[in-house]
Amino acid sequence: MSRTQVKESDDGQSPPKQKPGTSRQMSVLSTLSMASKTVCHRATSWRYRMALMLHLASAIVILLRMNISLALVCMTRHTLSNGSTDGSQGSDDLANSSSPDSAGGNTSVTAVSAEFDWDSSIQGLIFSSGGFISFLFPIFADPLCRLMGSKLVMTSFTLLAGVLTILNPLAAGMSPYFLIVLRVFIGAAGGLVLPVSTGFFSWWSPESEKVTIASLTYAGINVGNILVGAPSGYMCSIPIANGWPFIFYVHGAFTILWCVVWHFCASEKPEDHPFISEEEKTYIIRTRLAMDVSQKTTAPPYLAIVTSKPVWAFLLVMISHSFATMIIFSYMPKYIATVFEFNSSRSV
């Protein structure tokens, strides 16, 4: 019998024929298995752990910037139009009054007494203080990284923002202007985090994964917006010190914890990482875009950047986007609390 003929089994019967499509199904299963192994490998790799830490750093920037929006609802006096009160405002006395409505009757109006009776102009300054100089600090990201190293810059300024956040209740008790000064420095420190993050992409990302790692990092911005809402509303309802200081204490403590983890588990380059495997280190070095470690760094072409039309176009787009989103996220909690008489603790 030739090799091309089907061999019979020992009992004289021919082996069963494969059903049509079986080989294709096996190929698909094999491909899925390899993809699963690749996903698991990436999820447990140090380059994706770095991306996760940068993801949390992006979330922290938004968390520390926007937590004042909901905290002010719990901190300040506002007027409700139907006599209801915001339970997060504490147990101070309520000043009741009445005003005529369109039908000639009286509408009960309740002014909710809280710890601070700041007017709208002061509250507006507090809301916006985080952005007073933060837009300038990305310019200093590159010089600072050259001087201190990207890892130390990230650790130092994030830690500074966390400590200043914990001091927010103390500053508010002293003067609203002290609080504004702290918010200015918190915004400035946060303005360095996202620009510094891009330097880690260059060293840690294989060329085929750079977009994925960058997307994972910047997705933290949306996560930060989510984390501001429900947990902050719950903390406002804590019956200790009117609850709102816990917003700053918890967010500040979380930031400091992140700094500790980042300090011991991160490095600017995979070549310097203490825990990465030799296999992954070699893979990153061979597959990332050319990064000459020994090459002397040169100053960025600032003049070419300033005169670039695409840069200005992108800048205008980002200003328009940020203007709309920051207005919504900054003033929406206060608007809902005063106009719709929504209890902040119900955001849980």
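Predicted model, so just to flag it, every value in this text is computed and none were measured.

1. A short note on the nonpolar core
For soluble globular proteins, the rule of thumb is that nonpolar side chains tend to be buried together. Counting 57 residues, the largest nonpolar core has Met75, Trp118 and Trp262 as its most contacted members. With 16 residues, helix α2 (residues 46–75) is the single largest residue contributor to this core.

2. Here we look at the state of the cysteines
Applying the stated criterion across every chain yields a total of one disulfide. With its sulfur 1.8 Å from that of its partner, Cys74 forms a disulfide with Cys236. The disulfide joining Cys74 to Cys236 has a torsion of about 105° about its S-S bond and is therefore right-handed. In this pair, Cys74 sits in helix α2 while Cys236 sits in helix α9 (residues 220–236), placing the two residues 162 residues apart along the sequence. Both residues of the pair, Cys74 and Cys236, belong to the buried class.

3. With respect to the confidence of the model for the chain
Looking at the chain as a whole, the pLDDT averages 77, with 73% of positions reaching at least 70. Of the regions scoring below 50 in pLDDT, residues 1–11 engages in six contacts with residues more than four places distant in sequence or in other chains. Contacts of residues 79–113 to residues separated by more than four positions or lying in other chains number 77 contacts, the stretch itself having pLDDT below 50.

4. Digging into a nonpolar patch on the surface
Side chains of Leu159, Val163, Leu167, Leu170, Met174 and Phe178 sit close together on the surface and give an oily, nonpolar patch of about 540 Å² of accessible area. Of all the elements in the fold, those that place two or more residues in the nonpolar patch are α5 (150–166) and α6 (168–174).

5. Remarks on the environment of Gly191
Assignment of secondary structure puts Gly191 in helix α7 (residues 176–204). Since its relative accessible area comes to 16%, Gly191 is described here as buried. Beyond its immediate chain neighbours, meaning those up to four positions away, Gly191 contacts Ser134, Phe137 and Pro138.

6. With respect to the pattern of salt bridges
Two side chains of opposite charge can pair, provided their charged atoms sit close to one another. Summed over all chains, the structure comprises five salt bridges. The closest approach of N and O atoms between Arg47 and Glu280, which form a salt bridge, is 3.2 Å. Of this pair, Arg47 sits in helix α2 while Glu280 is found in helix α11 (residues 278–287), placing the two residues 233 residues apart along the sequence. With relative accessibility at 6%, the residue Glu280 sits in the buried group. Glu271 serves as the salt-bridge partner of Arg288, at 2.5 Å between the closest nitrogen and oxygen. Taken together, the positions of Arg288 in the loop between α11 and α12 (302–306) and Glu271 in the loop between α10 (245–265) and α11 put the pair 17 residues apart, joining distant regions of the chain. Looking at Arg288, the relative accessible area reads 8%, which means it is buried. Residues joined in a network through salt bridges with shared partners are Arg47, Glu209 and Glu280.

7. With respect to the packing of α9 against α10
At a closest axis distance of 8 Å, the pairing of α9 and α10 adopts a crossing angle of 130°. Taken together, the axes of α9 and α10 are oblique relative to one another. Two secondary-structure elements touch here, α9 through Ser232, Met235 and Cys236 and α10 through Phe246, Ile247, Val250 and His251. Of the residues contributing to the contact of α9 with α10, the split by class is five nonpolar, two polar and no charged.

The rules behind these values
- Residues numbered from 1 in each chain as written.
- Predicted model: local features only at pLDDT ≥ 70, side-chain atom pairs only at ≥ 80, totals over all residues.
- Heavy atoms only, no water.
- Core = buried A, V, L, I, M, F, W, Y, C linked by side-chain atoms within 4.5 Å.
- Buried < 20%, exposed > 50% of the residue type's maximum accessible area, 1.4 Å probe, protein only.
- Helix = DSSP H or I, 4+ residues; strand = E, 2+ residues; numbered from the N terminus.
- Disulfide = S-S within 2.5 Å.
- pLDDT = per-residue confidence, 0-100.
- Contact = heavy atoms within 4.5 Å.
- Patch = residues over 30% accessible without salt bridge, like charges linked within 9 Å, V, L, I, M, F, W, Y side chains within 5 Å.
- Areas by Shrake-Rupley, 256 points an atom, 1.4 Å probe, with all protein chains shown as cover.
- Salt bridge = Lys/Arg side-chain N within 4 Å of Asp/Glu carboxyl O.
- Axes fitted to C-alpha atoms, helices over the stretch in contact; angles between N-to-C directions.
- Parallel < 35°, antiparallel > 145°, perpendicular 65-115°, else oblique.
- Nonpolar A, V, L, I, M, F, W, Y, C, P; charged D, E, K, R; others polar.

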